[in-house]
Amino acid sequence: MVDFIQNTLDGIFIGSSYALLAIGFTLIFGVMRRLNLSYGPSIMLGVFAGTLLYIQLNAGLLVVGLATVVGAVLAGLYVERICFWAVRRGAALASMVSSFAIWMQLEEAVTIVFPDRTYPFPPLADFTLKLGPFWVRGEHLIMFICASLLTILLHLLLYRTRFGLAIRAVSENPTAAKFMGINTGLVVMFAFALASVIGGVAGYLIASTDQQVTPLFGLWATFKGLIAMTLGGMGSIPGAIAGGLLLGVIEAQSVWYLGTEYRDLVAYAVLFAFLVFRPGGLFAQKSAMQSRLAARRV
Amino acid sequence: MTMLEVRNLHVTYGKVRAVRGICLDVAEGQIVTLIGANGAGKSSVMHAICGVIKPQAGQITFNGRDISGLPSHRIVPQGIAQVPEGRMIFEDLTIRENLLVGGYVRSRGTDDERIDEVLELFPVLRPRLVEPAANLSGGQQQMLAIARGLMSNPAFLMLDEPSLGLSPKAAEEVFDLIGKLRASGVTILLVEQNVRQALAIASRGYVLESGQVILQGGSTELLSDERLINAYLGIRRH
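Peer 1: I'd love a proper account of the packing of helix 9 (residues 217-232) of chain A against helix 11 (residues 263-277) of chain A, names of residues and values included.
Peer 2: Residue and element names in this part refer to chain A. Closest axis-to-axis distance for the helix 9/helix 11 pair is 10 Å, and the angle between their directions is 35°. For the element pair helix 9 and helix 11, the recorded crossing hand is left-handed. The segment helix 9 lies against helix 11, with Phe223, Lys224, Ile227, Thr230 and Leu231 engaging Asp264, Tyr268, Val270, Leu271, Phe274 and Leu275. Of the residues belonging to the contact of helix 9 with helix 11, the class tally is 8 nonpolar, 1 polar and 2 charged.

Peer 1: Tell me about the nonpolar core, and please be specific about residues and values.
Peer 2: Ranked by size, the top nonpolar core spans 143 residues in total, and within it Ile182(A), Ile49(B), Phe122(B) and Phe156(B) carry the most contacts. Ranked by the residues each element gives to this core, the list is headed by helix 8 (residues 184-210) of chain A, at 12 residues. Contact partners of Ile182(A), with chain neighbours within four places excluded, come to Ala166(A), Ala169(A), Val170(A), Ala177(A), Val187(A), Ser72(B), His73(B), Val101(B) and Tyr104(B). One finds Val195(B), Leu199(B), Leu222(B) and Leu233(B) within the second-largest nonpolar core, a separate group that totals 9 residues.

Peer 1: So, the interface of chain A and chain B: which residues are in play, and what are the values?
Peer 2: Taken together, the contacts link 22 residues of chain A with 29 residues of chain B. Between chain A and chain B, the buried area comes to about 2500 Å², and carbon and sulfur atoms account for 60% of it. For chain A, the biggest contributors to the area lost against chain B are Arg162(A), Phe179(A) and Met180(A); these three give 34% of the whole. For the pair chain A and chain B, the interface holds 2 salt bridges. Taking the shortest distance from any N to any O, the salt bridge between Arg162(A) and Asp111(B) comes out at 3.7 Å. For the side of chain A that touches chain B, the elements supplying multiple residues, two or more each, are helix 6 (162-172), helix 7 (174-179) and helix 12 (286-297) of chain A. Considering each element in turn, the side of chain A that touches chain B owes the most residues, 7 residues, to helix 6 of chain A. Along the lines of polarity and charge, the residues of the side of chain A that touches chain B split into 11 nonpolar, 6 polar and 5 charged.

Peer 1: Would you mind going over the packing of aromatic side chains in detail, with residue names and values included?
Peer 2: For the coordinates displayed, the defined rule picks out 13 aromatic pairs over all chains. Counting every residue linked through ring pairs, the aromatic cluster contains Tyr18(A), Phe217(A) and Trp220(A). The ring of Tyr104(B) carries the charged tip of Arg162(A) above its face, separated from the ring centre by 5.4 Å.

Thresholds applied
Residues numbered from 1 in each chain as written. Chains lettered and ligands numbered in written order. Predicted model: local features only at pLDDT ≥ 70, side-chain atom pairs only at ≥ 80, totals over all residues. Heavy atoms only, no water. Axes fitted to C-alpha atoms, helices over the stretch in contact; angles between N-to-C directions. Helix = DSSP H or I, 4+ residues; strand = E, 2+ residues; numbered from the N terminus. Left-handed = near helix turned anticlockwise from the far one by under 90°. Contact = heavy atoms within 4.5 Å. Nonpolar A, V, L, I, M, F, W, Y, C, P; charged D, E, K, R; others polar. Core = buried A, V, L, I, M, F, W, Y, C linked by side-chain atoms within 4.5 Å. Buried < 20%, exposed > 50% of the residue type's maximum accessible area, 1.4 Å probe, protein only. Buried area = accessible area lost by both parts, 1.4 Å probe. Salt bridge = Lys/Arg side-chain N within 4 Å of Asp/Glu carboxyl O. Phe/Tyr/Trp six-rings, centres within 6.5 Å; stacked < 30°, edge-to-face > 60°. Lys NZ or Arg CZ within 6 Å of the ring centre and 35° of its normal.

Structure representation (structure tokens):
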């Protein structure tokens, strides 16, 4: 039982970073109704910007963190311009395919500049807390606290500010938002930047926990974020949080009871089960159903 | 004085030419109505005026300023608002938030006062401000859609099929409201499938067919026009 609780705790801590990735995915999906496969790779670019400053200049934690976030935002805006702004509305598949192409491009670019397999990333903390029979790693605790704070800030932004209201309006009905005189293009760009800030922080927390980065980080981040978002329910922020935590716990349990090699296998099996039995995810989107109802009502 | 002037407007969707050289004028304080079958181009004209779609050619002048081809976020702040067909209210947002989105282009800080002013006309919404808009009935949603359109304090309001899908009583309320709005000085462009009621309240009308104006004139004139009677008022059917 102690093991099970310890695994659950570890899973929740790790899952908080998955939740951030899923929130980023869901924000973009919310305003665009399109999938951005390049989300993970744009975070990877940010992480490498951080590691570059660390290797070359031996920069401190704060500078590395800032560089990671700024790099992720710049890469995110680049993706937005190329894959979403330039590809006209309605061509969702074209956007997804071009985001895949940009993913490959970003990965290639990083591999050319950083030809080795792995690079070091500065650790955030090196302590372990003992709470009764349970152990908590310092990085995990910091990860969890940062993720929680960021989620609260995002909530305040979305529900307490004018611009947050505009994001929610565009997410629900971009045409109606346009009728209200909202500059939807600007809102989408801002939402991308916001998702990249969240992704950048997540990337920083994850890389400093692993203390190393590889160009495959983009693939990894896209997978974790997509799976967590799908488990929770696409386009729902509470869903993204729940999906991230659930994925973290599932992974931690399967590592303990089945072995590391089964971690991803179990995660995919659960994803498959969700897609078959509960395709809307934990927080199935009400709004999709509502707009269908509304369409019928007219 | 002419408030809105549309000259030789063309709108196309891909290969479909929805609007083909339409001219129309709306004088300040008037209600003008667009009449026509589905697909005649009424909504397209409105969408081009408020900048939700970009016209292919033609000129739109509002209060003497050329607004043709501007995006909606540059047109709405000039005092043009549209209540779109199908209401398009934000069902996930609360009623208050819907109104705030409607007033998005206004300068900050005076939202609550404006909500207060607008709700004078919509007393049913007042006690329900914090409820999600999805809770409202069809008629109330239409009221909310109009209230939201008024939040930006427009001088020129376009209403696209405001009585569509409403009960006769709710439709009656919508028409009463349109009368009140005109009395308060708002200029209105109205698209309505209830042609008789629309002409009763409007001072002028334009009849559209396949993207062109085929008939125009004062309301009384149009109400007695043989062609209009045949086609839209359903007294005699072909």
